[in-house]
Every structure is written in structure tokens, then in C-alpha cells.
Amino acid sequence: MNSDQLSEMQQFLNELKTKIRVDSNISIEKVGDLFESIRNLESAISEYRTAISQDVTPDLATVERLRRKLTLIGAIQSIQNPSYFDEFASTLAEHPYSLPKALFDPQGREMVTIDFPGSRSDQQFHKVRMDLALGMLYPGSFTYRYGQPIKVETGRFSQRFIANLRMHTLSPDPIFKMKRDGRIIDVYKPIRLRTMQVVDRNPFICRNCLSISGLDEGCSHAPRIKQPRKLPSSSAVTANQELERQTEGSVALRAPLSTVITSVSFLERFKVGQAVLGFERSAFRHVTIVDYDPPIGMILETKGVAFAINIPPGVLDHLSNIPILVRDVLAQLLAHKLIDSFSRNGMPSYYLEPILSGVISSLGMGQGSKDVTSVLNTFSSSSWVENAIQATLAEGANYYERFDVQERRLRSLFELLSQQSIELQTIKNEIKNRLLHSLAHNLLIAGCVTAGCLPSDLEYLISDNEIVLFDSVDGGNGSSAMIFDFISSRDSFSLTDVEEPTKERTFRPKYFDEAFAELMLPCQQGVSERIFHRQLPVPTHQEISRRITALERQRQAYSDAYKQISQIGVENCFIASLGFHLPLELGMDVQAAERFKESASVCLHGCPDCLVLGNRCEEGGFMEKFSLSKAALDEYFRYMTKSYVLDYRAEDSVIDSTLNTQGVAILSMQLTRPAEEGSTDKLDARIAEFRGRRLGERFIKFAGFWVDSPITSNDVRYSALLVLV
Amino acid sequence: MVHVTEENVEIIDVDLLIQECLRASEGKEAFAYIISPFISDFILSPSWLSFVSNIIEVADIDSYVDLVGLLRHHGVDVRVVTRSPADLRTTTISRKFIDKQERTLAQLAKMGCEIRTNASLHAKATLTSGGVLAGSFNLTQSGRSLNLEAGFYFPNTFGIEKREYEDKLEWAQRLFSESVPVNNSRLR
Ligand SMILES: [Zn+2]
Ligand SMILES: [Zn+2]
Ligand SMILES: [Zn+2]
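So, how was this worked out
Residues numbered from 1 in each chain as written. Chains lettered and ligands numbered in written order. Predicted model: local features only at pLDDT ≥ 70, side-chain atom pairs only at ≥ 80, totals over all residues. Heavy atoms only, no water. Helix = DSSP H or I, 4+ residues; strand = E, 2+ residues; numbered from the N terminus. Buried < 20%, exposed > 50% of the residue type's maximum accessible area, 1.4 Å probe, protein only. Contact = heavy atoms within 4.5 Å. Areas by Shrake-Rupley, 256 points an atom, 1.4 Å probe, with all protein chains shown as cover. Donors = N, O, S within 2.8 Å, 3.2 Å for Na, K, Ca; no water. Tetrahedral: all angles 85-135°; square planar, octahedral: opposite > 155°, others 65-115°. Phe/Tyr/Trp six-rings, centres within 6.5 Å; stacked < 30°, edge-to-face > 60°. Domains from an automatic or database assignment. Salt bridge = Lys/Arg side-chain N within 4 Å of Asp/Glu carboxyl O.

Draft legend 1. Region of interest: the overall build of chain A. Along the backbone of chain A there are 24 helices and 22 strands. Relative to its full complement of 725 residues, chain A shows a buried share of 56%. Within chain A, contacts between residues separated by at least 24 positions form 71% of all contacts whose residues are at least 6 apart in sequence. Total accessible area on chain A is roughly 30,800 Å²; 49% of this is exposed by carbon and sulfur atoms.

In C-alpha cells form, the structure reads like this:
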């Protein structure tokens, strides 16, 4: 390579840098990585330049590696879904694999010492950034970060699923206190974390408690239930606690979002305590949750955006009058109460479903269920306990490969549960929690879309009437700032000439409120499922009909399961898919039961297309489905926007006056059959009439269109949003 | 009928095109005639396009040409009638502006729009299955902001408005058939 080629390469890198800077599709994290790689290449170029000037033979292998890196950068740029990046990069990166979380590493970051006591190499201690340690090197995790797999120690936890962290060095005093389920817990800072080398990559794992033999864990369960498996995957269970804040500026959203979020403020300084409470481990398609004693954590000084949430008492009254919702939220609440007492009873988390299912059937909460008041009466009488034990054991025996839960453990668990007081008001509060949690997920997803970042770049923190999104690294990573900047109500309606053809310009970022508004609309998958299972008139829109066709195909394969769903009703699918109480009642064999469970996992309270975040949920992936409710959120949004909703046939003057007073009108049209099945013609015509009309100083604009099919009613409706601009 | 002024012309223009995308996604017949002596791209304020939906994605769009691209993506036939850059070069219009027109036409052609030119074209109109937006405009050199003299919008609904709409549609169809197809290779 001669010096001209080097200049060409430098030129290429310069262009690449410009492109990376302007391409809003690349997340901040990726920008950091790409710049890092480019810096490496640049220094390589200058070294190479020195080398050829000194007439030294070039190191061809290095050049080849650089060439590959360059190609790689090009390839990464063209990848639409940049999540493949990690896989790509790791093939070229050096030990230890660490992707910088932010472009600018703030100074003075806290470090943790990772201790390798058995290490044969000279280096027994490694310093690791605190956030990295808590995210990837928490006790109970396995990592290949240092070449050889290692495990961060936990000691034995099989008895009560509590890992005592005494083998690690923690701060002498707690660094902050955290409120959790009404209790205050102390959180300690890790100073030195002990690890051990994992020699056997296919160790014996206990099918009961998921403890690994031969390491520091072990358990006293029978050897015959231990099987060799590859190292299990795990994730940290985390929680956040606000410590201090400093607000700088706030904005209001436009209607109709202003009914949900009353104001948005930027938190220039946000001090938050981040705790790792334990970890989730999965193996054998099971999950266990292990709690730390004590929890460990760190204090983050970062930036955030606070959203003031409006949940008036009226909407909670309304929601708690919807029997399906109340029943499902009660089931979710029972799941939380059960899991909380699991560790005390030494019960692994994956038994949650059969146990919950036993409770559901003994309380008569299944399909055609009793009303909530009588369910709650039964619950408080504790007469259900014996039935629940029998139901759980029967289910376990019929549908689980191995279900060795002793009757006495079940009894103590259920008796503990029955002592809890659950009233209508408890459920009402729980509905509010569901709403807040679901909104938090929507805000987080909308935030990622706007800031072009990954869910791991942001965290959420829920309090009574507020949700905070904050940057997940010390010093911030720019995501919150970007979200706050991209709230479109700050912009005026304007036009700018394009000087250059489209290709040279950057992509328009999606505005935060727009992204959030779309997430507040009904889930396309959920709507399609309800239309399909209830045989409602089918909208002809591509996206809906595509999903309906897919469901039709599945019905051909699983006809019995689908018949079953149409008998129980799609609105009962969430409860029916918990455990196997329904298959047991109907005497299904294992295969039929599995198929039913799979087919019944429809989107009622959330699915990956709408709310589900998996491990990024602060409740952890395992408890997530008991923490969200898309159905409640949809009903909440309908309730909050109901003053804007008008029948599409309403008089012009009525529509005008709604627009005048509220700035918004939602024209609603119910689909009729069979004559005009799915057709939007009449609504289209109505929109056409209002388009561009002047009202006072402003004009009417068509600003949204969606399909809905509420779980509470057997209809399909279109909504057209008109706004004044 | 809605009177169209500088203030609402773009709202209606953008709205008509978005609704046509929706119609196409419903599998209905959809089309657009874009008739204007001068066509150049312009950035749409995000608020114009702020359109929420659970069945159509209008998100990644930020310019007029992108919006036409979305129509094409949904399989909408887009027919463009304009004045040819070569013809414009004989006028006093700035060179820069004509270059821009040429670039924009090349982009539209690449997207699969049918482009025809007509040397005597003065009217500006957008027609879709939802309505017609039309007006007479004074030519300015500033590109997009043609000076609007008298404009109107007729929705394709019923009565007089429908008759007016059909009248204008016929006019557009005739105009298109009388205009000269552009040789794409001559566009940059
Ligand atoms: Zn065990
Ligand atoms: Zn969903
Ligand atoms: Zn969550």
C-alpha cells in the first residue's frame, strides 16, 4: 500500500465519520463504537505511514485485519437492524469484550474489582466499571469475558432461593435505602466480587432448583434429577430508587395526548440508586428467581425526562367495573403475592403457573366465572385452600414432567396467601399499577424510537403519578435530552425548501409524542385476534388481513384448540392460558393441552408487538406478563379521549364545535355487515369534507386513523383523528 | 368547497396523499395526479406528517418526495404533469431552480411515477380518489412558494362537489393523455 492509498483510506474514514454523525438511525452506543474503531484505524494508518517512510516491510496480517474491520464497518452501516452488531464485532474485538455504553466516558467512574482466586495466570484482580459489573457480572452470572468461562459466586441458594453475598466484599454501610413493597431495604456497593473458573462447560444442573453441581452452589435434591446441560442463561433483577433531582424546563403535549400526560420536564440532574435485587436463571425451559442478601447497587448521576401522568379516580372506577379486567388483574395480583412467598417456602419460581392455576380454579375464576365479590368472599373464607391443593397436584401430575411439590408446602403457601387481605380497593390500586407500568413501557419504547437508542440505554422509574425515563449510564448518554428535544409540540408548522436531493439528507427522527401516540393505539395483533376469534367483520387493511390469514393457517393446524377458544371466548384466554386448569377440567391430553395453551396466548394484556420488553422490564421477564395490561391501557385511553369522540355521522356543527373547544375530534365508525363489510368509504368521505377547512384562525387536518375492537364489546370500529393546526 | 390559500394549501395537499396511502393499504383503487409547472422537493414539518395509526406507517417521511415514495410503496399509480426542464431553460427562471426541478423529476421517475411534460401548463393541482386541490398560481422564482391567486378544494363526496370533482378529474386525465412522456434517461 502506498501513501496515496493511505490518504484515500483516511479520506474514506473522514466521509464515514460525517455519515455516522448525521445518520440518526445509528444509536449513540453504536456511534461510540464506530468512532472507536475509526480511531483505531486512523492510528493504524499513521503508524503504517511512519513504517513505510522508514522502509520497513508492512505487517500484512495487520493490514488484512484492518481491511476486514473496514469492511465490517461498511457492513454494519448497511445493516437495518443493528442488533447484530455485537455478534459481528465480537469476532474481531479483543479481550475483554466491552462495548462502551456512551460516546464520552465520564471521568471518575466507580470501579469494582473482580477477583479470580484460583487464577493460574499472574493477574488475580481485574478492575471493571461498576455499571458493567452490575449489568453483566452480578452474582450468579456466567461470563466468557475473560476467555475462560467464570461464574460470579453466590454460594448455596437452593433452600430458600436467597443467595447470601458474604463471600464478596461490600461497602461497610449501605449506600442508599430503597422502598420496596412497603418495606425499606438497604443496598450495598460491591467492592470486590469473587469469581470461580468453570471448567466443565456442561455441568450437572438440578431440574428442581436449577443449582449447578460442582461449583459453589449445589443442593441436596436427589442426584437422579440432575442432568448435564450447557451453562444456563440469566439476567439481573434490578430496581431503581430516586434520590435527587433538578428540573430544567417543561413542556405540554398536544391533545389528545395531553389528557394522559399533563406535562413533560427535563431532569438536568437525576440521582438514582440502582439496585440489583437478585437474578433470574433459566434452564430446562424453567425460570428460577434468586434474591440477594443483601441487594447490591450503585448510585447513578444522570439525566432524565419526567412525565406527569393523569389517572383520575373516575377512570379507575370505570375500569374496576369491567369484570374481565378485574378478574385478570386479580389473577396477576395473586401471582405477585404467591411469588413473594415462594422463597420463604423454598419453592422454585417456575411452579408459579401450576400453583396459581390451582388457586384460579378453586376460586372459580375460570371462564363463566363468578362475579368478583363472590370470588373475594371465597378467598377470604380460606375454604378454597384444600381444593387448590388438590387442583394443583392434579394439574402437576397430569401435565408436568416432574412436579415434586409436597402437599404440606402447598398448604403452607396457600394458607399464607389466604391470610392476605384483598378487597375491591386492592384491585383498584392494582389496576392503577398496571396502567402506570404499561405506560412506562410505552414511554420507554417511544423513547428508544425517538433517540434511536436501545432499550438498555434507558431505564424507567414509576412513582405514584409520574414516570421518569433516565439515561442508564453515569453522566447520561444523551437519550433523555434527545427525547425532550423531540417533542413536536415545541415545533411550529412550517416548511423548508430542500436544497439537496433526498439521498444526501439525514433521516427524520420520529417525534416522541407521535411514537408514543401510536403505542397508545390498540395493538394490531390483539385487534386481529379478537376480530378473528369473534368472527367480526374484517377490515381489508393489508396489515390486519395479513394477520388474520396467519391465524387462519394456525387454525387449520390446531383446529381443536381454536374451537376451544371460540367456546370460551377470546376475552378469557389470559386466565385460561395460566397453567392447565382448563385442560384438566376438559380432560385434554398433554399434547392437546400444550396446543391449547399456545393458541390461547393472545394479546390481551400485552404481546411483543405492543408492550412486552422481556428482560428490560424491571419486574424481570418472568413476572412481566403479570405486571402489564394492554386491555386496561386501551380502555383507559378510550375513557380519557371520550370527550373527543363523535359518531362520524354527527352534524358538521357538532364536529366543528368539538374541534373549536378541544382542538381535536375523533370520528368513530362502527363496521356493519354484511353489506359494506370493512369499508371505510363513508368515513373517508367525511374526512374529505373537513379537510383543510378554516375554523377561526386555524385549519382542520387529518391526523390519525386506527382500527379497534375492544375486549368489552363485540364490534370493530374505525377512528379518524381530526386536529386543528 | 373549501377555499384554498397559502395557509392551508399544504395541509390539503399532504392530507390527500396520506389518505390515498390508507386507501391503497385497504386494497382499494388509489391514484394521484400531481400537476404543476414546477415540482421541487421540500421538507414537511414533522407536525404536518404527524399521523398516528395502527395500520399504516407514515413515520420515516420528511419531504414531499418521500411522501410520493410512500404512495408508490403502497402501489398507488402516480402521474405527474409538469413543464420540461429544457423548456424552462428558455424562460427567465433561475438556473438553480431548474436544476432542482430536474433532480426532483429524476427522483420521481426512479420511484416509478409516470412523468409527462406540457409546455403550456400553468395550472397546479393534486387529484386523488378523495378530492381535488387546484388553483392558479403566479410563478415566483423561489421554487415551492408559488404565489397562490385563487385556489379551491372539492372533496369527492356528492352533489355539486362531486360534479366539480369529476369535471376536474376528467380534465386531469385529458391533460395527462395530451402531454408528452418524458424520456427518463434524459433526467439526471
Ligand atoms: Zn436442587
Ligand atoms: Zn399486543
Ligand atoms: Zn416493566
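Draft legend 2. Representation of the overall build of chain B in the model. The helix and strand tally for chain B stands at 6 helices and 10 strands. Per-residue burial for chain B yields a buried fraction of 64% across its 188 residues. Partitioning the intrachain contacts of chain B with sequence separation of at least 6 by distance along the chain shows that 70% fall at a separation of at least 24. With the model as given, the accessible surface of chain B reaches about 7,400 Å², and the carbon-plus-sulfur share is 49%.

Draft legend 3. The arrangement of the coordination of the zinc ion (ligand 3) in detail. Residue and element names in this part refer to chain A. Coordination of the zinc ion (ligand 3) by the protein involves His437 (NE2), His441 (NE2), Tyr460 (OH) and Cys617 (SG), with metal-donor separations of 1.9 to 2.3 Å. The coordination sphere of the zinc ion (ligand 3) comprises 4 donor atoms, whose angles at the metal cover 106 to 118°; the geometry is tetrahedral. Donor residues for the zinc ion (ligand 3) sit on one chain with the sequence pattern H-x3-H-x18-Y-x156-C. Of the two residues, His437 is situated in helix 12 (residues 424–451) and Tyr460 in strand 15 (residues 458–463); the sequence distance between them amounts to 23 residues.

Draft legend 4. Up close: the coordination of the zinc ion (ligand 1). Residues and elements named next belong to chain A. Coordination sphere of the zinc ion (ligand 1), protein contribution only: Cys206 (SG), Cys209 (SG), Cys219 (SG) and His221 (ND1), at 2.0 to 2.3 Å. Coordination at the zinc ion (ligand 1) is tetrahedral: its 4 donor atoms span angles of 105 to 113° at the metal. Taken in sequence order, the residues that donate to the zinc ion (ligand 1) follow the motif C-x2-C-x9-C-x1-H. Of the residues examined, Cys206 reaches a relative accessible area of 0% and is grouped as buried. Under the relative-accessibility criterion, Cys209 is labelled buried at 0%.

Draft legend 5. Spatial organisation of helix 22 (residues 630–640) of chain A. Within helix 22 of chain A, 10 of the 11 residues are buried, which leaves it mostly tucked inside the rest of the structure. Within helix 22 of chain A, burial applies to A:Lys630, A:Ala631, A:Ala632, A:Leu633, A:Asp634, A:Glu635, A:Tyr636, A:Phe637, A:Arg638 and A:Met640.

Draft legend 6. A look at the packing of aromatic side chains. Residue and element names in this part refer to chain A. This model, assessed by the stated rule, comprises 21 aromatic pairs over all chains. Both rings, one in Phe307 and one in Phe512, keep their centres 5.4 Å apart while their planes meet at 25°; by these two values the pair is stacked. Placement of Phe307 in strand 14 (residues 286–309) and of Phe512 in helix 14 (residues 512–520) is noted, with a sequence separation of 205 residues between them. Judged by its relative accessible area of 1%, Phe512 falls in the buried class.

Draft legend 7. Expanded view of the side chain of A:His437. You can call A:His437 buried: its relative accessible area is 5%. Ignoring any residue separated from it by four or fewer positions in sequence, one finds A:His437 in contact with A:Tyr460, A:Ile462, A:Cys617, A:Glu618, A:Glu619, A:Ser627 and A:Leu628.

Draft legend 8. Region of the structure containing the domain arrangement of chain A. Segmentation of chain A into domains returns domain 1 (3–53), domain 2 (97–256 + 274–299) and domain 3 (642–724). Of note, the centres of domain 2 of chain A and domain 3 of chain A, computed from C-alpha atoms alone, are 52 Å apart.

Draft legend 9. Local environment of the pattern of salt bridges. Using the criterion set out here, one finds 52 salt bridges over all chains in the structure. The salt bridge involving A:Arg686 is made with A:Glu689; its shortest N-O contact spans 2.6 Å. One end of the pair is A:Arg686 and the other is A:Glu689, both in helix 24 (residues 681–690) and 3 residues apart, which spans about a single turn. The exposure class of A:Arg686 is buried, given its relative accessible area of 11%. For the salt bridge of B:Arg79 with B:Glu114, the shortest nitrogen-to-oxygen distance reads 3.5 Å. Taken as a pair, B:Arg79 in strand 5 (residues 77–82) and B:Glu114 in strand 6 (residues 114–117) lie far apart in primary sequence, 35 residues in all. Relative accessible area serves as the criterion here: at 23%, B:Arg79 is assigned to the partly exposed category.

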